[in-house]
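Structural overview
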Amino acid sequence: MKTQQENNTNILNEVYDADAFRDAGHRLVDFLADQLDGMKAGTNEQTLPWADPDNVLSEVDGWAASENGDLFENVFQRCIRLHDPRYMGHQLMPPAPVTALAGMLTDFMNNGMGVYEMGPAGSAMEHWLIQRIAAKFGFGPDAGGFMTHGGTLANLTGMLAARAMHCPDAWQTGEPSNLAVMVSSQAHYCMDRAARVMGWGEGGVIQVPCNDRYRMNVDLLKESLAEATAAGKQVIAVCGTACTTSTGSIDDLQAIGQFCQRHNLWFHVDGAHGGAIAFSEKYRHLLDGIEMADSIAMDFHKMLLTPSIASAMIFKNSEDAYRNFAQDADYLLRAADENEDPWHDVARRTFECTKTMLSLKVFSVVTTHGWEAFDQAVTRLIDQAATFADVVKASDDFELAIDPQANMLCFRYVGGDGDLSEANAAIRKLLIEAGEFYIVQTSLNGETWLRTTITNPMTTSLHFSLLLDRIRELAAGLPASRQA
Ligand SMILES: *Cc1c(COP(=O)(O)O)cnc(C)c1O
């Protein structure tokens, strides 16, 4: 780094210096491997080294100063650590270390993938993965899809496909603004965004109420559709959520699929989080009915050992993917005429133009550890959430929101006699500032609950008990009015 000042004319030589890269790379890998050992062994002090945002901002300048040591190590000190088994917060999981190496190759090679020539390996790996994953969902040989940057974008693409099917002229002529999609009242906010982005406005998302397990009340689908139609809406799709972000509840996909078939509606599944459950032999039955879907959005970075951001958009009929962005309506016909095989031209189907080689990280897990690694990860995380539920149920001073279906679990401290929402919000604040555990919170029926996602396969019942103990300690220290 010093030579940067000393030798201004040669900065670009320095930028591409192979030896410096080799040295820094080896140092970083050794450092991270040591940290991984420490987190697994329980010698890591904090999961979240909490500091005020302004304090961290004031430190930033010093991180790269040569007298302060290694830049990457300094940054690490202020990162939240997903590999610590006391991390039980948002849905991201500690990635398999091999994916970090895959990430290094991905970034180093910088293959843009918009066209095949800019990423031959990436295009092929992506196709290879998509075909196999589609089969996991019970789709046949006509299925297809692509990888994309996040579940949010994938869900929007699913809605575009629904529109392309029901209003094939919309891409050219604009569209009727009375289109709508039905979702559960617990659907992810990105569905609402997708509808608004597409110009369907506030009424473009019709919320079907949930039952007491936060799953769509499918008995109300017919009524909701009739009401919407009477109000002048053209409902073109139903989105089943598998699973919801707050409580991990999985909609009855079978019932939604049958409803869609009866009423000729596009069936989209927001499987951003729970699509991964298809890999678990033990739990895949929770997704029964997903094989009826027309499109499925899924993330690899929630339960499948992969760093963010890596998602897939899978279509039962791969042709549906081509219709989405067909600037020329004759495209499909021409493709057939010319006998093209367009699987490798990814940009024709994706929102993105330049696209990272998203496939290598996923591919590296599958080829290094086997598909079995996905099965074990998903099964383990859901098993552990059930274990946590048992621990909560066995504690009189805690209450469970609902029995978890997936790896999210919501609970709260009920050991005192003040306002429950206030007390639990205060507990969470103290907890993250202390930094040993990381959990989040959510609102259910207007009340604040502590929310966890069990994303670390190394989290055990010992950590659950320690967490409850820590919460009891913090609750005891709250001012009397705040004690639940
Ligand atoms: C996480 C999530 C999303 C958003 O996915 P991103 O990959 O963060 O864009 C959408 N829906 C559900 C149900 C999710 O859990």
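See above for the structure.
In this report, we go over the structure that sits alongside the text. It should be emphasised that the depicted structure is a prediction, and the values quoted were computed from it without experimental measurement. (Residues numbered from 1 in each chain as written. Predicted model: local features only at pLDDT ≥ 70, side-chain atom pairs only at ≥ 80, totals over all residues. Heavy atoms only, no water.)

1. Quick notes on the overall build of the protein chain
- The secondary structure content of the protein chain amounts to 18 helices and eleven strands.
- On C-alpha atoms alone, the protein chain measures out to a radius of gyration of 24 Å, which is about the 23 Å that the 2.2 N^0.38 rule sets for 484 residues.
- Referenced to the eigenvectors of the C-alpha coordinate spread, the extents of the protein chain come out at roughly 70 × 65 × 40 Å.
- The burial tally for the protein chain puts 49% of its 484 residues in the buried class.
- In the protein chain, of all internal contacts separated by at least 6 residues, the share reaching a separation of at least 24 is 72%.
- Of the accessible surface of the protein chain, which amounts to about 22,000 Å², a share of 51% is contributed by carbon and sulfur atoms. (Helix = DSSP H or I, 4+ residues; strand = E, 2+ residues; numbered from the N terminus. Rg over C-alpha atoms; globule rule 2.2 N^0.38 Å. Buried < 20%, exposed > 50% of the residue type's maximum accessible area, 1.4 Å probe, protein only. Contact = heavy atoms within 4.5 Å. Areas by Shrake-Rupley, 256 points an atom, 1.4 Å probe, with all protein chains shown as cover.)

2. Digging into the site of the ligand
- Among the 15 residues in the neighbourhood of the ligand, the closest are listed as Gly151, Thr152, Asp270, Asp299 and Lys302.
- At a separation of 3.1 Å, an oxygen atom of the ligand approaches a polar side-chain atom of threonine 245.
- A distance of 2.8 Å separates an oxygen atom of the ligand from a polar side-chain atom of aspartate 299.
- Computed on the free molecule, the ligand has an accessible area of 380 Å², of which 89% lies beneath the protein chains in the complex.
- At three residues, helix α8 (residues 151–166) tops the list of elements feeding residues into the shell around the ligand.
- The residue inventory of the shell around the ligand, partitioned by class, reads three nonpolar, nine polar and three charged. (Near = heavy atom within 4 Å. Polar contact = N/O pair within 3.5 Å; in protein donor to acceptor, adjacent residues only side chain to side chain. Nonpolar A, V, L, I, M, F, W, Y, C, P; charged D, E, K, R; others polar.)

3. Describing the nonpolar core
- Counting residues in hydrophobic clusters, the biggest one holds 95 residues, and the most contacted among them are Met182, Val238, Ile277 and Phe300.
- When neighbours within four sequence positions are excluded, methionine 182 is seen to be in contact with Ile206, Val208, Leu221, Ser224, Leu225, Val235, Ala237, Val238, Cys239 and Phe259.
- One finds Ala385, Tyr413, Leu450 and Leu478 within the second-largest nonpolar core, a separate group that totals 25 residues. (Core = buried A, V, L, I, M, F, W, Y, C linked by side-chain atoms within 4.5 Å.)

4. Quick word on the sheet that holds strand β8 (residues 398–400)
- With respect to topology, four strands assemble into an open sheet ordered β8-β9-β11-β10, the strand pairing being antiparallel. Two strands in the sheet have a free side with no partner beyond their single neighbour: β8 and β10 (440–444). Taken over all neighbouring pairs, the strand axes of this sheet differ in orientation by 40 degrees on average, direction set aside.
- Pairing of strand β9 (residues 408–413) with strand β11 (residues 447–453), which is carried by four bridges, proceeds in the antiparallel orientation. (Pairing = 2+ DSSP bridges. Axes fitted to C-alpha atoms, helices over the stretch in contact; angles between N-to-C directions.)

In short, the description is geometric, and any link to function would need to be established separately.
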